[in-house]
Amino acid sequence: MPRQRDEMVPDAEFRSYYGQPVIKQPLWHEPHMPAYLYLGGLSGAAGVMAAAARLTGRDRLGLAARMAAFAGAGAGTVFLVAELGRPMRFLNMLRVFKLTSPMSVGSWTLAAHSGLAGVAAGSAVTGLLPLAGDAASVASGLSGVAMATYTAVLLADTAVPAWHEGMRELPFLFAGSALASAGAAVMLTTPRALAGPARTAAAAGAMAEIVAGGLLEHRLGLVGEPYRTGRAGRLMRASRVLTLGGGLLATVAGRSRALTALSAVAITAGALCTRFGVLAAGRASARDPKYTVVPQRDRLDAGRPASVPGR
């Protein structure tokens, strides 16, 4: 008889008090935040490419990379300010520097990288202060590494399950996507005969993005569901198709301007789908209490302390 009663007990539903989610959904807006994530990553990777081009004597390629880094940083800052609502909110984030805060480190990284990219691009266009421009370009390459990945750390430092549990893969996903995006922008604005390194970067970044995205979706188990279902799932699948197609085209894009343009457009669209998809997955995981409750119960059952994101 007890066994029959046990069999009649329905499966537990993961609900919070009063039917509300356990955590708040991210308040970031579209297209502001995904556009900033894309442009910031592009600028960072382009800065790295500009520094490498300067150190290897590829001046024409370096010019295109400097301009891409400056354009990405400038446009990304505009989208970030639009997300914040007022320019003063961004300036207020620069009042202190706190190493333990990804937001603080990211704000200073964006400010430093934007300034360096501006000096490097201005010197390349005007021909003034070439030594200062070269120094700024090399320095922007160093800050560019952080620019390409810090937003992934920022997402993973939140309590949003799909982001926090993906802390291992998100930096690689964003770095690969940033490299592919920068490679696409630079190969599109450089003569084909000189754009070989940019095409290589685009193809390598595309492959890294695809691999990291696949690992992110499948390693997380239950928490990886939002990346595979709903709007986020559609965006992530579209990203894989576009990024793979664009990366493969990049390997043969030197044969024609049309292939170069098609590759660049596909990679760019794929990178944007990735950013929109990651944001949508985070929102979906925050809405459903099971993505918060089940992993915590599993950790407690395994004798490990529950994870406390953001601390």
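Refer to the preceding data block for the structure.
Residues numbered from 1 in each chain as written. Predicted model: local features only at pLDDT ≥ 70, side-chain atom pairs only at ≥ 80, totals over all residues. Heavy atoms only, no water.

Comments concerning the overall build of the protein
Scanning the protein from N- to C-terminus turns up 13 helices and zero strands. When its helices and strands are written in sequence order, the protein yields α-α-α-α-α-α-α-α-α-α-α-α-α. Counting over 311 residues, the protein shows a buried share of 45%. When contacts within the protein are restricted to residue pairs at least 6 apart in sequence, long-range pairs at least 24 apart make up 74% of them. By element, 66% of the accessible surface of the protein is carried by carbon and sulfur atoms, the whole surface being about 15,300 Å². (Helix = DSSP H or I, 4+ residues; strand = E, 2+ residues; numbered from the N terminus. Buried < 20%, exposed > 50% of the residue type's maximum accessible area, 1.4 Å probe, protein only. Contact = heavy atoms within 4.5 Å. Areas by Shrake-Rupley, 256 points an atom, 1.4 Å probe, with all protein chains shown as cover.)

Details of the nonpolar core
One finds M49, V186, M187 and A198 to be the most contacted residues of the largest nonpolar core, which totals 31 residues. Those elements that place two or more of their residues in this core are helix 2 (32–55), helix 3 (59–84), helix 8 (170–188), helix 9 (196–219) and helix 12 (257–287). It is helix 2 that contributes the most residues to this core, eight residues altogether. One finds A162, L173, A212 and M236 within the second-largest nonpolar core, a separate group that totals 29 residues. (Core = buried A, V, L, I, M, F, W, Y, C linked by side-chain atoms within 4.5 Å.)

Quick word on the pattern of salt bridges
Following the criterion strictly, the structure yields seven salt bridges and no others. Of the charged contacts, one joins E30 and R283 as a salt bridge, the two residues approaching to 3.3 Å between their closest N and O atoms. Here the residue E30 occupies a position in the loop between helix 1 (2–8) and helix 2, and R283 occupies one in helix 12, the gap between them amounting to 253 residues. The exposure class of E30 is partly exposed, given its relative accessible area of 28%. (Salt bridge = Lys/Arg side-chain N within 4 Å of Asp/Glu carboxyl O.)

Quick word on the packing of helix 8 against helix 12
Packed helices, taken two at a time, are described by the angle between their axes plus the distance between the axes. Two elements in contact, helix 8 and helix 12, have axes separated by 9 Å at closest approach and are oriented at 150°. Our classification of the angle between helix 8 and helix 12 gives roughly antiparallel. For the pair helix 8 and helix 12, the sense of crossing is left-handed. On helix 12, the residues touching L170, L173, F174, S177, A178, A180, S181, A184, M187 and L188 of helix 8 are R257, T260, A261, S263, A264, I267, T268, A271, T274, R275 and V278. (Axes fitted to C-alpha atoms, helices over the stretch in contact; angles between N-to-C directions. Parallel < 35°, antiparallel > 145°, perpendicular 65-115°, else oblique. Left-handed = near helix turned anticlockwise from the far one by under 90°.)

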